[in-house]
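Below are the chains, spelled out letter by letter.
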Amino acid sequence: MNIAELTEADVLAISGRLGEPSWLRDRRQEAFKAFSDLQWPHNRIEEWRYTDPRRFDFSRPILDAAGSAVARTDGIVGAVREQVAAGIGIVDSGVTEAVVTPEAAAQGVVVTDLATAAREHERVVRDALGRAVGPERKFDALNLAAFTAGVLVYVPADVELADPIAVTVQASGPGAFLPRVLVALGPHARASVYVDHFGDAETTVVEVIEAVLAEGSRLDCVTAQDWGSSVDHLGAHKGWVGSNAEYRHLEVTLGGKTVYLTPDAEMAQAGATAELLGVYFTDTGQHIEHRSLIHHNASNTSSESVYKGALQGESFASWYGNIRIEAHAKATASDETNRNLILSDGARVSSIPFLEILCSDVVRCGHHSSVGQVDEVQLFYLESRGIPRDEAARLLVFGFFKEVTDRIKLPGVTDVVLAEIEGEIRSGPITLMDQRRR
């Protein structure tokens, strides 16, 4: 079976292989009906204006078995592997055995595969699954209907975890696979979750990471795309934020051939707060799009989004940020910023901030967008101190990203991300586009 020819019988076969309870099988069937009714997207509609869906190969066979797990020794998860509250991995269509520290287990923290969670923690999964990312869009419906491997991370009420929970998503073989990660926080819980993607097989990944935050909870979520050059990744990453809850998300996109992500947040109840941060770096052959929706669906909510990207080689990146404030959402505050550095002649970027303000009672709402080159004045200053021009340019790019990564003070994150960006910068010459400026 493949994505393009998926049938209801295929969906039932996936559910049967995983031994899921009847209620989850029914949920899959409802999502499959939505998937069947929704039209296939094309590049003549706004959502896919900058990334043609035909870039994704949906004829690849869906992987229905676990691949060979490789321990993550680098990346964000590798940097904190000795100091995590729990760890688990998705490899193709299988889930590795979870490791939970005795301290976390004693507090009721649950990290397990989604099929087991649906049987043993039915109430948690029933309430949270699909709340943030339901079957309203074609590929979201596809994932809910046919996810081949899933993980639940559950932190009960009033539990505060000092160490992060690590989740790895690995593509080890050619084909297509549909992972799903569900994070649920009880009232007043505190946690940080790292989801690290890696692998370099010829793979089409259709993924959902959804987080559901109950009243007064706080989640720091980091999702890192460190794919090889053969992977195409289509992902929905969204937080549903309850009353007085705080959702902070850092999206790190450095690898992959074609990557299309929707890092969204819904302020669903009064007092909810969201902070969406992102860094991306493209090189020759890469096509990356981040299409974000910040949805204010309740009063007295606030949000901020800051995304920064750098492009070199023959590459393309697109950022589309939309803030939507409903008519009933009074006294909201929101702001979004996107900054881009062009480091070579062949790099192209589109930056589109967008506001939908349906309410007149708004505290503040703004957007900022820029596309430019490394600042010549700053370059001159560094060169006057004896630093070679190319090295000076690399230092400025390095500092450009640090402004974002410093905003999430989490173990292992800033140093690892900056080290990976430095590797990207040093992988090719920085031409600074117009040579007449030398």
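These numbers were taken from a predicted model, which means no experiment stands behind them. (Residues numbered from 1 in each chain as written. Predicted model: local features only at pLDDT ≥ 70, side-chain atom pairs only at ≥ 80, totals over all residues. Heavy atoms only, no water.)

Asks: Where do I start with the overall build of the protein chain in this structure?
Replies: Scanning the protein chain from N- to C-terminus turns up 10 helices and 21 strands. Relative to its length of 438 residues, the protein chain is compact, with a C-alpha radius of gyration of 21 Å against a globular reference of 22 Å. Taking the principal axes of its C-alpha atoms as reference, the protein chain extends roughly 70 × 50 × 50 Å. When each of the 438 residues of the protein chain is scored for burial, the buried share is 61%. Partitioning the contacts of the protein chain with sequence separation of at least 6, the portion at a separation of at least 24 is 85%. The positive charge centre, built from 41 side chains, and the negative charge centre, built from 62, are 4 Å apart in the protein chain. (Helix = DSSP H or I, 4+ residues; strand = E, 2+ residues; numbered from the N terminus. Rg over C-alpha atoms; globule rule 2.2 N^0.38 Å. Buried < 20%, exposed > 50% of the residue type's maximum accessible area, 1.4 Å probe, protein only. Contact = heavy atoms within 4.5 Å. Lys, Arg positive; Asp, Glu negative; His and termini not counted. Charge placed at Lys NZ, Arg CZ, Asp CG, Glu CD.)

Asks: Before we go on, may I ask you to explain the packing of helix H1 (residues 8-18) against helix H2 (residues 22-37) in this structure?
Replies: The relative placement of two packed helices comes down to the angle between their axes together with the axis-to-axis distance. Between H1 and H2, the shortest axis-to-axis distance is 10 Å and the interhelical angle comes to 155°. Taken together, the axes of H1 and H2 are roughly antiparallel relative to one another. Viewed along their axes, H1 and H2 form a crossing whose handedness is right-handed. In contact with Glu 8, Val 11, Leu 12, Ile 14, Ser 15 and Leu 18 of H1, H2 contributes Arg 25, Arg 28, Gln 29 and Phe 32. The residue makeup of the contact of H1 with H2, split by class, is five nonpolar, two polar and three charged. (Axes fitted to C-alpha atoms, helices over the stretch in contact; angles between N-to-C directions. Parallel < 35°, antiparallel > 145°, perpendicular 65-115°, else oblique. Left-handed = near helix turned anticlockwise from the far one by under 90°. Nonpolar A, V, L, I, M, F, W, Y, C, P; charged D, E, K, R; others polar.)

Asks: Could you clarify how one ought to interpret the packing of helix H9 (residues 389-405) against helix H10 (residues 413-426) in this entry?
Replies: Across the interface, H9 lies against H10 with an axial gap of 10 Å and an inter-helix angle of 150°. The angle between H9 and H10 places the two elements in the roughly antiparallel class. Here H9 and H10 pass one another in a crossing that is right-handed. Here H9 contributes Glu 391, Arg 394, Val 397, Phe 398, Phe 401, Lys 402 and Thr 405 to the contact with H10, which in turn contributes Thr 414, Val 417, Leu 418, Ile 421, Glu 422, Ile 425 and Arg 426. Of the residues belonging to the contact of H9 with H10, the class tally is seven nonpolar, two polar and five charged.

Asks: Is there a simple way to explain the pattern of salt bridges in this structure?
Replies: On inspection of all chains with the given rule, the structure shows 27 salt bridges. Its salt-bridge partner being Lys 238, residue Glu 266 comes within 3.9 Å of it at the nearest N-O pair. Taken together, the residues span a long stretch of sequence, with Glu 266 in strand S14 (residues 258-267) and Lys 238 in strand S12 (residues 231-241) at a distance of 28 residues. The same class applies to Glu 266 and to Lys 238, which are both buried. Each of Arg 218, Asp 220, Glu 246, Arg 248, Glu 275, Glu 304 and Arg 407 takes part in salt bridges that share partners, so that together they form one network. (Salt bridge = Lys/Arg side-chain N within 4 Å of Asp/Glu carboxyl O.)

Asks: How do you make sense of the environment of Gly 372 when you look at a structure like this?
Replies: When you line up the elements, Gly 372 lands in strand S21 (residues 362-372). On the accessibility criterion, Gly 372 (26% relative accessible area) is partly exposed. Along the primary structure Gly 372 and Ile 342 are separated by 30 residues, whereas in three dimensions their C-alpha atoms are 6.0 Å apart. Excluding residues that lie within four positions of it along the chain, Gly 372 makes contacts with Asn 340, Leu 341 and Ile 342.

Asks: What should I look at first to understand the pairing of strand S16 (residues 287-296) in this one?
Replies: Looking along a regular strand, one sees the side chains alternate between the two faces of the sheet. Counting buried positions along S16 gives nine out of 10 residues, so the element sits mostly inside the fold. Looking at chain direction, S14 and S16 are connected through seven bridges and run parallel. Within S16, the residue paired with Tyr 260 across the bridge is Glu 289. Taken together, the 10 bridges between S16 and strand S18 (residues 316-325) define a ladder with parallel strand orientation. Looking at the pairing, Glu 289 lines up with Ser 318 of S18. (Pairing = 2+ DSSP bridges.)

The analysis is restricted to geometry; functional conclusions fall outside its scope.
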